[in-house]
Amino acid sequence: MRKPFMAAALGLTLATLGLAPAVPASAASATTVGYTSTTATDANEAFFQAVLDSVAEKRAANPTGTAAVTVVYDASRAPTFATQIANSTRIWNNAVSNVKLQSGSASSADFSYREGNDSRGSFASTDGHGSGYIFLDYRQNQQYDSTRVTAHETGHVLGLPDHYTGPCSELMSGGGPGPSCTNSQPNAAERSRVNQLWANGLAAAMDKALHKN
């Protein structure tokens, strides 16, 4: 049975800084996390669970003995940010061992990257049942370090919530430290958390997928 539709958006936005127009009415129903406002834990967990379920269903259909799981993304709709996406992938793949990011086609992807203009800035969004994407906003990626923005939003896919009050050394502090912060590396605590999430969460997702099949 498919879950009810739940639009969830997480991440960086310029609206709260007065640097972008008001959020359009079409986006008002989404759960949006502002650049320096409160976090939406439920929305973050929804994205992570959607990706987990997608990976688990593919693994259940084609069992593999490898310990690390592969999360496939489609970057074809964000060509302007090809370098930043590749850098973000390399950063996370070097940082964690229990999950690996890999570029693939739209038909095989667990999530995708998109680009454009949006008053919310950059964000990660999911409908709660397997359709998830990272949106990279042009204007915001000119003001803030673009690789940091991309790696930060990818952190949501891997299960990490925003923590805007954190220091620049914390990737998930997002825009909290300001535009001068260019760190794009997750710290030790963030790396450890992602490894834990993918070690423990995948087991439950696999059990669900196997019973579904």
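Residues numbered from 1 in each chain as written. Predicted model: local features only at pLDDT ≥ 70, side-chain atom pairs only at ≥ 80, totals over all residues. Heavy atoms only, no water.

**Notes on the nonpolar core**
As a rule of thumb, nonpolar side chains are buried together in soluble globular proteins.
Next up, step 1: With 32 residues, the main nonpolar core has Val71, Trp92, Val99, Phe111, Tyr113, Val194 and Trp198 as its most contacted residues.
Next up, step 2: For this core, the secondary-structure elements that each account for two or more residues are helix 1 (41-61), strand 2 (69-77), helix 2 (82-95), strand 3 (99-103), strand 4 (111-116), strand 6 (132-137), helix 4 (146-157) and helix 5 (188-212).
Next up, step 3: Ranked by the residues each element gives to this core, the list is headed by helix 1, at 5 residues.
Next up, step 4: Non-local contacts of Val71, meaning those with residues more than four positions away in its chain, are made with Val51, Val55, Val99, Lys100, Leu101, Gln102, Asp110, Phe111 and Trp198. (Core = buried A, V, L, I, M, F, W, Y, C linked by side-chain atoms within 4.5 Å. Buried < 20%, exposed > 50% of the residue type's maximum accessible area, 1.4 Å probe, protein only. Helix = DSSP H or I, 4+ residues; strand = E, 2+ residues; numbered from the N terminus. Contact = heavy atoms within 4.5 Å.)

**Notes on the environment of Arg90**
Next up, step 1: Within the element layout of this structure, Arg90 appears in helix 2.
Next up, step 2: Sequence separation of Arg90 and Leu101 is 11 residues, and the distance between their C-alpha atoms is 8.3 Å.

**Considerations on the environment of Ala75**
Next up, step 1: With respect to the helices and strands, Ala75 occurs in strand 2.
Next up, step 2: By relative accessible area, Ala75 is classed as partly exposed at 22%.
Next up, step 3: Sequence-wise, Ala75 and Arg114 are 39 residues apart; in three dimensions their C-alpha atoms are separated by 7.2 Å.

**Points about helix 4**
Next up, step 1: Spanning 12 residues, helix 4 covers 17 Å between terminal C-alpha atoms, matching the ideal 16 Å at 1.5 Å per step.
Next up, step 2: Every buried residue of helix 4 is accounted for by Ser146, Thr147, Arg148, Val149, Thr150, Ala151, His152, Glu153, Thr154, Gly155, His156 and Val157.
Next up, step 3: Just downstream of helix 4, Gly159 is the residue with a positive phi angle, here 110°. (Expected span 1.5 Å × (residues − 1).)

**A word on the state of the cysteines**
Next up, step 1: Within this structure, the stated rule accounts for 1 disulfide.
Next up, step 2: With its sulfur 2.1 Å from that of its partner, Cys168 forms a disulfide with Cys181. Disulfide Cys168 to Cys181: torsion about the S-S bond roughly 90°, handedness right-handed. You can see Cys168 sitting in the loop between helix 4 and helix 5 and its partner Cys181 sitting in the loop between helix 4 and helix 5, a full 13 residues away along the chain.
Next up, step 3: Classification of Cys168 by relative accessible area gives partly exposed; the value is 26%. (Disulfide = S-S within 2.5 Å.)

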